[in-house]
Amino acid sequence: MIEEQLKTYIRDIPDFPQPGIVFKDITPLLQQPELVKLAVQEFAKKLEGIEIDVIAGIESRGFLFGFLLAQELNKPFVPIRKQGKLPFHTISESYKLEYGQATIEMHEDAIQQGTKVLMHDDLLATGGTVVAASKLVEKLGGVITGYSFVISLDFLQSAGRLTRFSDNIISLVHYED
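What counts as what
- Residues numbered from 1 in each chain as written.
- Predicted model: local features only at pLDDT ≥ 70, side-chain atom pairs only at ≥ 80, totals over all residues.
- Heavy atoms only, no water.
- Phe/Tyr/Trp six-rings, centres within 6.5 Å; stacked < 30°, edge-to-face > 60°.
- Helix = DSSP H or I, 4+ residues; strand = E, 2+ residues; numbered from the N terminus.
- Buried < 20%, exposed > 50% of the residue type's maximum accessible area, 1.4 Å probe, protein only.
- Lys NZ or Arg CZ within 6 Å of the ring centre and 35° of its normal.
- Contact = heavy atoms within 4.5 Å.
- Core = buried A, V, L, I, M, F, W, Y, C linked by side-chain atoms within 4.5 Å.
- Pairing = 2+ DSSP bridges.
- Axes fitted to C-alpha atoms, helices over the stretch in contact; angles between N-to-C directions.
- Salt bridge = Lys/Arg side-chain N within 4 Å of Asp/Glu carboxyl O.
- Expected span 1.5 Å × (residues − 1).

A full pass over the atoms with the stated rule returns 4 aromatic pairs. For the ring pair Phe 63 and Phe 77, a centre distance of 5.9 Å and an interplane angle of 90° mean the geometry is edge-to-face. Pair noted here: Phe 63 is in helix α4 (residues 61-73) and Phe 77 is in strand β4 (residues 77-82), with a separation of 14 residues, a long-range link. Given a relative accessible area of 21%, Phe 63 falls into the partly exposed group. Here Phe 67 and Phe 77 contribute two aromatic rings whose centre-to-centre distance is 5.7 Å and whose plane-to-plane angle is 85°, an arrangement assigned as edge-to-face. Highlighted residues: Phe 67 in helix α4 and Phe 77 in strand β4, separated in sequence by 10 residues. Residue classification places Phe 67 among the partly exposed positions, given a relative accessible area of 41%. Aromatic rings pair up to connect Phe 63, Phe 67 and Phe 77 into one cluster. Above the ring of Tyr 175, the side-chain terminus of Lys 7 is found at 4.8 Å from the ring centroid. Above the ring of Tyr 175, the side-chain terminus of Lys 24 is found at 3.8 Å from the ring centroid.

The subject of this paragraph is the side chain of Ser 134. You can see Ser 134 is positioned in helix α5 (residues 128-139). When neighbours within four sequence positions are excluded, Ser 134 is seen to be in contact with Met 119, Ile 144, Tyr 147 and Phe 165.

Ranked by internal contacts, the top residues of the largest apolar core, which has 27 residues, are Leu 6, Phe 65, Leu 69 and Ile 151. Sorting the residues of this core by element identifies α1 (2-8), α3 (33-46), α4, β8 (143-153) and β9 (169-175) as the ones contributing at least two each. If you tally residues by element for this core, the top one is α3, at 6 residues. Beyond its immediate stretch of four places on either side in the chain, Ile 151 contacts Ile 10, Lys 24, Ile 26, Asp 122, Leu 123, Leu 124, Val 173 and Tyr 175. Counting residues in each nonpolar core, the second largest holds 25 residues, with Ile 104, Ile 111, Val 131 and Ala 132 among its members.

For the rest of this paragraph, the subject is the sheet that holds β4. Sheet architecture is open: 7 strands sit in the order β5-β6-β4-β3-β7-β8-β9, paired in mixed fashion. In this open sheet, the two strands that pair with only one neighbour each are β5 (90-97) and β9. Within the sheet, the average angular offset between the axes of one strand and its neighbour, ignoring direction, is 20°. Examined bridge by bridge, strand β7 (residues 116-124) and β8 share 8 bridges and lie parallel to one another. Paired with Leu 124 across the two strands is Ser 152, which belongs to β8.

Tallying each qualifying case throughout the model produces 10 salt bridges. Lys 45 is the salt-bridge partner of Glu 42, the closest N and O atoms lying 3.3 Å from each other. Highlighted residues: Glu 42 and Lys 45, both in helix α3, separated by 3 residues, approximately one helical turn. A salt bridge links Asp 122 to Arg 61, with the shortest nitrogen-to-oxygen separation between them at 2.6 Å. Placement of the pair is Asp 122 in strand β7 and Arg 61 in helix α4, with a sequence separation of 61 residues. Owing to a relative accessible area of 3%, Asp 122 belongs among the buried residues under this scheme.

The next subject is α5. Helix length check: α5 (12 residues) gives 17 Å between terminal C-alpha atoms against 16 Å at 1.5 Å per residue, within 8%. Burial analysis of α5 places 9 of its 12 residues in the buried class, the great majority of the element. Listed in full, the buried residues belonging to α5 are Gly 128, Thr 129, Val 130, Val 131, Ala 132, Ala 133, Ser 134, Leu 136 and Val 137.

Below you can see the structure in the form of structure tokens.
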């Protein structure tokens, strides 16, 4: 099963970026090209039947699998970045993190009215970042048709925060505690 294979290469980093947080590090996974390829193919399989015009990836780890998935599905890729990192005219959304506050941005011409967007990030934790990214898509008239995550921290019960945008929530690895 792919979930167990992936878990083998996801390591826990305790107390990062602050005490009490256990960071799920995917960098060992990125050193396994065949497993990365299998993960992207698994995403593609699970997304069959979901209408997607564009894949949006959230900085920075959301770019890794998000871009590969866009290539696999032959779809455009849109980066959602931290404030001040995009060179063209942007729209922004601020949100709270479990350990602070942040602002993300997207180019104002990245999504057109009615564009069907799959939102990708490496990890679903509290959901703050992905909710903010979803609001950016909506500001531009896009429609979230699904979410994909490498990892979901199910014990935080954050998937419920996303269902107002889309019920299509796919994660390859689940942690229950």
